[in-house]
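# Residue-level structural notes
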Amino acid sequence: MHCYCVNEHHQPLEKVESAQPQPQGEEYLIQVKAAGLCHTDIHLWEGYYNLGGGKRLNLADRGVKPPLVLSHEVTGKVIAAGPDADSSLIGQQVLVHPWIGCGECQYCVHGEENLCIKPNQIGIHRAGGFAESIIVPKAKYLVNIEGLNPSEAAPLACAGVTTYSALKKFGNKIEHYPVVIIGAGGLGFMALKLLNAMNAKGTIMLDIDDNKLAEAKKAGAIATLNSKDENVISQLQQMTQGGPRLILDLVGNADSLSLAISSAGRGGHIVVCGLIGGELNLSIPLIPMRPLTIQGSYVGTVEELRELVELVKSKNVEAIPVTEYPIDQVNQAMQKLINGQVLGRLVLKHAV
Ligand SMILES: [Zn+2]
Ligand SMILES: [Zn+2]
């Protein structure tokens, strides 16, 4: 089999031939059909996150270094099972839950494997979907997607569960207050469609790109605003009778978070998912006096991924727009994402 591998940061992915892995114990072998490309893949390819103020979080310090097989948004078919695994799953079309932990730390034991201190995540710490076939350690990480399009389902593993888990943090307030979404990229459109399916009050979409805002309007946003507008804060406060109560920041830089904090109304709840990077000066009295909740959200749990797949199936949630590339064009696809020329999600297709 072959994979497309990061052998060196900032260098094109290289095609590498290797022996097909054999599932051991409770493991499964998945023949990859579709593998989504996420901004995290770009950070992994670059080798660091920008923390702002010239500081970097180097991935090598966390044990993540080349060679890397990227893509944590993987769908495919179960083609083999280890001797202690359930062989009746062979042939099933699955989405792989990539946010795998050690299984032993306090987070893993209490069902928050996505927060594990010794993670073993697919496409990050272990081989991901830019390979013809991959090993998944246990049946609980396989989600049946029979009836869904494999390319459209792949992004549910990251873009999907990240937005779903973030939106769940707002609780039932989504039924009473519109959610302001900052960033009309892949995650923004996913959030918009999920809110429609979750009987939410509505979505106000913000972005710096008017074309993306026009698409958001078509997809059901009740209002859109260009966050470069001079009076964006006052417009937002007018639309929401004093300031938004629920804000999802999918950009995660100084501009987006300061916009969220400056515009939030009383009792404002800001959930930050974006990882573009930067730092902020924060006026502390605003937090208790308004009072504000600023919360981070990082991917999601396997239970949340199962709930999400159920929601998508039962409410027929329309997938985010997906552009397919053959896997041998993975370097061109990455360049497109780096250049910001992507509406929705890029998915790499394997020839199977
Ligand atoms: Zn991702
Ligand atoms: Zn753990």
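In this text the structure is predicted, and so the values were computed from the model without any measurement.

## Some words on the coordination of the zinc ion (ligand 2)
For the zinc ion (ligand 2), the full set of protein donor atoms is Cys102 (SG), Cys105 (SG), Cys108 (SG) and Cys116 (SG), at a range of 2.3 to 2.4 Å. Each of the 4 donor atoms around the zinc ion (ligand 2) contributes to a set of angles spanning 102 to 118 degrees, which defines the coordination as tetrahedral. Between consecutive donors of the zinc ion (ligand 2), the numbers of intervening residues give the motif C-x2-C-x2-C-x7-C. Judged by relative accessible area, which is 26%, Cys102 ranks as partly exposed.

## Examining the packing of helix H1 (residues 39-46) against helix H11 (residues 330-338)
Two elements in contact, H1 and H11, have axes whose closest approach is 10 Å; the angle formed by their N-to-C orientations is 105 degrees. Overall, the two elements H1 and H11 adopt an arrangement that is roughly perpendicular. Judged by residue contacts, His39, Asp41, Ile42 and Trp45 of H1 engage Met334, Leu337 and Ile338 from H11. Among the residues forming the contact of H1 with H11, the class breakdown is 5 nonpolar, 1 polar and 1 charged.

## Structural notes on the coordination of the zinc ion (ligand 1)
Surrounding the zinc ion (ligand 1) are the protein donor atoms Cys38 (SG), His72 (NE2) and Cys158 (SG), which sit 2.0 to 2.2 Å from the metal. Mapped onto the sequence, the residues coordinating the zinc ion (ligand 1) show the spacing C-x33-H-x85-C. In this pair, Cys38 sits in the loop between strand E3 (28-37) and H1 while His72 sits in the loop between strand E5 (55-58) and strand E6 (73-81), placing the two residues 34 residues apart along the sequence. In this pair, the class of Cys38 matches that of His72, namely buried.

## What to know about the layout of surface pockets
As a volume, the second largest pocket reaches approximately 230 Å³. Along its surface, the second largest pocket is lined by 15 residues, and Leu148, Glu152, Val312, Val317 and Ala319 are the ones closest to its centre. Put simply, the parts of the chain that give the lining of the second largest pocket at least two residues each are helix H3 (150-153), helix H5 (186-197) and helix H10 (302-314).

## Notes on the state of the cysteines
By definition, a disulfide links the sulfur atoms of two cysteines through a covalent bond. Scanning all chains against the criterion turns up 0 disulfides. Its sulfur unpaired, Cys5 is 4.8 Å from the next cysteine sulfur, which belongs to Cys3. The exposure class assigned to Cys5 is buried, which follows from its relative accessible area of 6%.

## Quick notes on the UniProt feature "domain: Enoyl reductase (ER)" (unreviewed entry) in the protein
Mapped onto this numbering, the UniProt entry gives "domain: Enoyl reductase (ER)" (unreviewed entry) at residues 8-348. Here residues 8-348 runs as 27% helix and 23% strand, with 21 Å between its end C-alpha atoms.

## Digging into H11
Here H11 has its buried residues at Val330, Ala333, Met334 and Leu337. Down the axis of H11, the smallest arc covering the buried residues is 100 degrees, so these residues share one side. Lining the buried residues of H11 we find strand E1 (2-5), E3, H1, strand E16 (322-326) and strand E17 (345-349). Immediately beyond the C-terminal end of H11, within one or two residues, lies Gly340, with a positive phi of roughly 70 degrees.

## Topic: the packing of helix H4 (residues 159-168) against H5
H5 packs onto H4 with a crossing angle of 55 degrees between their chain directions and a minimal axis gap of 9 Å. The pairing of H4 with H5 is recorded here as oblique in orientation. Crossing angle aside, the handedness with which H4 passes H5 is right-handed. Along its contact with H4, which presents Ala159, Gly160, Thr162, Thr163, Tyr164 and Leu167, the element H5 presents Leu187, Met190, Ala191, Leu194 and Leu195. For the contact of H4 with H5, a count of residues per class yields 8 nonpolar, 3 polar and no charged.

## As for the domain arrangement of the protein
Looking at the assigned domains, one finds that the protein contains domain 1 (2-157 + 300-349) and domain 2 (161-296). One C-alpha centre belongs to domain 1, the other to domain 2, and the line joining them spans 27 Å. Of the roughly 2000 Å² buried where domain 1 meets domain 2, counting both sides, 63% is carbon and sulfur surface. Per-residue buried area on domain 1 facing domain 2 is highest for Glu304, Ile320 and Leu343; these three make up 23% of the total on that side. Where domain 1 packs against domain 2, one counts 3 salt bridges. With its nearest N and O atoms 3.6 Å apart, the salt bridge here joins Lys55 to Glu279. There are 6 residue pairs in polar contact (both at pLDDT 80 or more) connecting domain 1 and domain 2. Where the side of domain 1 that touches domain 2 is concerned, the elements lending two or more residues are strand E4 (48-52) and H10. If you tally residues by element for the side of domain 1 that touches domain 2, the top one is H10, at 5 residues.

Criteria and thresholds
- Residues numbered from 1 in each chain as written.
- Chains lettered and ligands numbered in written order.
- Predicted model: local features only at pLDDT ≥ 70, side-chain atom pairs only at ≥ 80, totals over all residues.
- Heavy atoms only, no water.
- Donors = N, O, S within 2.8 Å, 3.2 Å for Na, K, Ca; no water.
- Tetrahedral: all angles 85-135°; square planar, octahedral: opposite > 155°, others 65-115°.
- Buried < 20%, exposed > 50% of the residue type's maximum accessible area, 1.4 Å probe, protein only.
- Axes fitted to C-alpha atoms, helices over the stretch in contact; angles between N-to-C directions.
- Helix = DSSP H or I, 4+ residues; strand = E, 2+ residues; numbered from the N terminus.
- Parallel < 35°, antiparallel > 145°, perpendicular 65-115°, else oblique.
- Contact = heavy atoms within 4.5 Å.
- Nonpolar A, V, L, I, M, F, W, Y, C, P; charged D, E, K, R; others polar.
- 1 Å grid on protein atoms, 1.4 Å probe; cavity = no way out; pocket = protein on both sides within 12 Å on 5 of 7 lines; lining within 4 Å.
- Points joined across faces, edges and corners; volume = space filled by probe spheres on them.
- Disulfide = S-S within 2.5 Å.
- UniProt positions renumbered as here; feature names shortened; annotations may be inferred.
- Arc of directions from axis to C-beta.
- Left-handed = near helix turned anticlockwise from the far one by under 90°.
- Domains from an automatic or database assignment.
- Buried area = accessible area lost by both parts, 1.4 Å probe.
- Salt bridge = Lys/Arg side-chain N within 4 Å of Asp/Glu carboxyl O.
- Polar contact = N/O pair within 3.5 Å; in protein donor to acceptor, adjacent residues only side chain to side chain.

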